Structure formats: structure tokens, C-alpha cells
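Observations on chain architecture
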Amino acid sequence: MSIHTTGILIDLDGTLYHGKRRIPGADQFVSRLRERQLPFLFVTNNSSRTPEQVADHLKEMGIDAAADEVCTSSLAAASYISRELPGAKVAILGEEGLHTAIEQAGLQVTEDQPDYCVQGIYRSFSYDSLARAVQWIHGGAVSVLTNPDLLLPSDDGLSPGAGSLGAAIEAASGVKPIVIGKPSSILMNYAADRLGISPRQAVVVGDNMRTDIAAGAQAGCKTILVMTGITTPYNLEEHRTSAGVSPDYICETLSQAADLLCSGELFT
């Protein structure tokens, strides 16, 4: 069996699929990594789904995936809090994926004087949610944001993301949250640790300069930009400027990215 000291951190939405539609070559991309026994994780800012639900979503589109290969911002947030304060009291503004991750990390879910207020995408967010968050934070709770995405794609177009809700909480409380998901390096560091490697041994594959590539660069990972989603040849320079980073490699397709990864060039 081959032994590799490099792991691959793969973005999902925009890299392997668009909503419920698989991006061409995504299934073969994952299959080729498996054939070469290259260790990888699916890494997503999405905090609403459990790893099992993410894996099921991938499998429904014909992409081979298992729950233990999924790394979400919710899991990384739960891990971060557990390391900072084991058994901490946590108030949650979020959905199933976040609740499950917090509970499975052995943290106490409460609305009474929490140590942390952790917020992700929360489609039931209301004025009362905002008021409670402000009270918790002013009462001493550390503000944690699973991911800063301002907008999310939906069947009806773009919808407000976790970052939009977090912006309201930050404005009302006057406190900047600790951001876990991309472009923060915290999610990448957590994913690399899951693979048992340092971030410098990891390769990030993603379509978004401002999240995937920026997070990889901040963590010290190698990065491969694929032109399958947000970034295109037409807006590359604009996104490179706004992100303030450049990818180590640029591939037009997932097939090209697989060729690069399977060549062994990145593992030296």
C-alpha cells in the first residue's frame, strides 16, 4: 500500500457541484484520487448539514463519498471551542449540522449564561434571535461565526448566508466574531489535523479565490484553482486582486486537476 504525506482538501459547491447538479468530471476526479490512494477530505463552509447528509448529497449525484470524509465548518467550530474550553456552555443560532457537531463534541447546549455564542446559517433567524445573541455576547459569551458567506445559491436565486446574519450580530453587539470557515485558516488547520498532516503538506482544490484559495494560502497549504465555479478566465485577475493571493496552480477542469494531483509532482 502506498504511503503519502500529502492530503487533499476539496471544496464542494462550485468545485464538485452546483446545487443539485454535478460538475462534469467530479465523479471521475474523486475516483482517480481513490485509485491512487491519495488521502483527502471534502471541506465545506456549509454549517447546516451533518457529515452524513453531505455524503448523501454527494452520493445522490454519483460522487462516491463517506461521512468520515466530510469536514464542515460546524465540526471545526465545535473542535475549536472544545480545545479552548472543554465542556463549555454554548448557545447556538444554527441548524441541525451545527447542533449535532456541538453536542457530539461534549459541549453543553444552553441559553443561560453561555461561554460561547456560535452562529451559522439559521433560516429561522429573527429579531428575537438577534436580541438574544447581543445579550449573550454582552454577558461575556465569545462570539463565534461558522462561516462568513454573505450569500448562498438557492433554487430561487441568491439568499442571505451565515455571514449576513453574523454582520447583524456584529453591528448590534459591537463585537467581531471568531470566524471558523474559509477564508479563515481555522477550518483548513482542522481539516489537515484530521488527516494527520501539517497544513504545509495539504493541497487545497477550490473554485473561489476569496474563500478556498485565500484560506489555503493563510494556512500555508498549496492551492489549485479550478475554473468550475466562481472564478473564470474572465474574472481571474479581478478575483486575484480582491483576494490578495494567487493560487499555486490553475486548472481549467477537474480532469486537469486530477492529472496534476496524480502525477506526484505535488508530493515531493
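Residues numbered from 1 in each chain as written. Predicted model: local features only at pLDDT ≥ 70, side-chain atom pairs only at ≥ 80, totals over all residues. Heavy atoms only, no water.

So, a nonpolar patch on the surface
- Residues Leu150, Leu151 and Leu158 make up a contiguous nonpolar surface patch of roughly 320 Å² in combined accessible area.
- By relative accessible area, which is 49% here, Leu151 ends up partly exposed. (Patch = residues over 30% accessible without salt bridge, like charges linked within 9 Å, V, L, I, M, F, W, Y side chains within 5 Å. Areas by Shrake-Rupley, 256 points an atom, 1.4 Å probe, with all protein chains shown as cover. Salt bridge = Lys/Arg side-chain N within 4 Å of Asp/Glu carboxyl O. Buried < 20%, exposed > 50% of the residue type's maximum accessible area, 1.4 Å probe, protein only.)

Re the packing of helix α7 (residues 185–195) against helix α8 (residues 209–219)
- α8 packs onto α7 with a crossing angle of 70° between their chain directions and a minimal axis gap of 8 Å. Relative to α8, α7 is oriented roughly perpendicular. Crossing of α7 over α8 shows right-handed handedness. Contact with α7, carried on its side by Ser185, Met188 and Asn189, involves Asp212, Ala215, Gly216, Gln218 and Ala219 of α8 and no other residues of that element.
- Across the contact of α7 with α8, the residue classes break down as three nonpolar, four polar and one charged. (Axes fitted to C-alpha atoms, helices over the stretch in contact; angles between N-to-C directions. Helix = DSSP H or I, 4+ residues; strand = E, 2+ residues; numbered from the N terminus. Parallel < 35°, antiparallel > 145°, perpendicular 65-115°, else oblique. Left-handed = near helix turned anticlockwise from the far one by under 90°. Contact = heavy atoms within 4.5 Å. Nonpolar A, V, L, I, M, F, W, Y, C, P; charged D, E, K, R; others polar.)

Structural notes on the environment of Leu9
- Along the chain, the position of Leu9 falls in strand β1 (residues 7–10).
- Judged by its relative accessible area of 1%, Leu9 falls in the buried class.
- Sequence separation between Leu9 and Arg132 is 123 residues, and the spatial gap between their C-alpha atoms is 35 Å.
- Leave out the neighbours within four places in its chain, and Leu9 touches Leu41, Val43, Met188, Ala191, Leu195, Ala202, Val203, Val204 and Val205.

What to know about unusual backbone geometry
- The omega torsion of the bond from Lys182 to Pro183 falls at 15°, within 30 degrees of zero and hence cis.
- Tracing the backbone through its elements, the reader meets Pro183 in the loop between β12 (178–179) and α7.
- Phi at Gln37 takes a positive value of approximately 55°, unusual for a residue other than glycine.
- For Gln37, the location among the structural elements is in the loop between α1 (26–35) and β4 (40–44).

Concerning the packing of helix α3 (residues 73–84) against α7
- α7 packs onto α3 with a crossing angle of 85° between their chain directions and a minimal axis gap of 9 Å. Comparing the axis directions of α3 and α7 gives the class roughly perpendicular. Contacts from Ser73, Leu75, Ala76, Ser79, Tyr80 and Arg83 in α3 reach Ile186, Leu187, Tyr190, Asp193 and Arg194 in α7.

With respect to the sheet that holds β1
- Strand order in the open sheet formed by six strands is β5-β4-β1-β13-β14-β15, and the pairing between neighbours is parallel. Unpaired on one side and paired on the other, β5 (70–72) and β15 (249–251) mark the two borders of the sheet. Neighbouring strand axes in the sheet, compared pairwise and without regard to direction, differ in orientation by 25° on average.
- Here β4 pairs with β5 via three bridges, running parallel. Bridging from a neighbouring strand, Val43 pairs with Cys71 of β5.
- In the packing of α7 onto the sheet, contacts are made with β1, β4, β5 and β13 (202–206), and the angle to β4 comes to roughly 155°.
- Packing against the sheet, helix α10 (residues 254–262) makes contact with β1, β13, β14 (222–226) and β15, and its axis sits at approximately 155° to β14. (Pairing = 2+ DSSP bridges.)

Concerning the sheet that holds strand β7 (residues 108–109)
- A sheet is described by the order of its strands in space; here five strands give the open sequence β7-β6-β8-β9-β12, paired in parallel fashion. Strands at the two margins of the open sheet, each flanked by one partner only, are β7 and β12.
- Where strand β8 (residues 116–119) lies against strand β9 (residues 142–145), four bridges are found, and the strand directions are parallel. What sits directly across from Val118, in β9, is Val144.
- Across the sheet, α3 lies against β6 (89–93), β8 and β12, angled at about 170° from β8, the strand it touches most.
- Sitting on the sheet, helix α5 (residues 127–138) touches β6, β8 and β9, and the angle it makes with β6 is about 155°.

Notes on the state of the cysteines
- For the structure shown, the criterion picks out zero disulfides.
- Among the cysteines around Cys71, which has no disulfide bond, Cys221 carries the closest sulfur, lying 11 Å off.
- With relative accessibility at 0%, the residue Cys71 sits in the buried group.
- Of the cysteine sulfurs around Cys262, a residue in no disulfide, the closest is that of Cys251, at 11 Å.
- For Cys262, a relative accessible area of 9% corresponds to the buried category. (Disulfide = S-S within 2.5 Å.)

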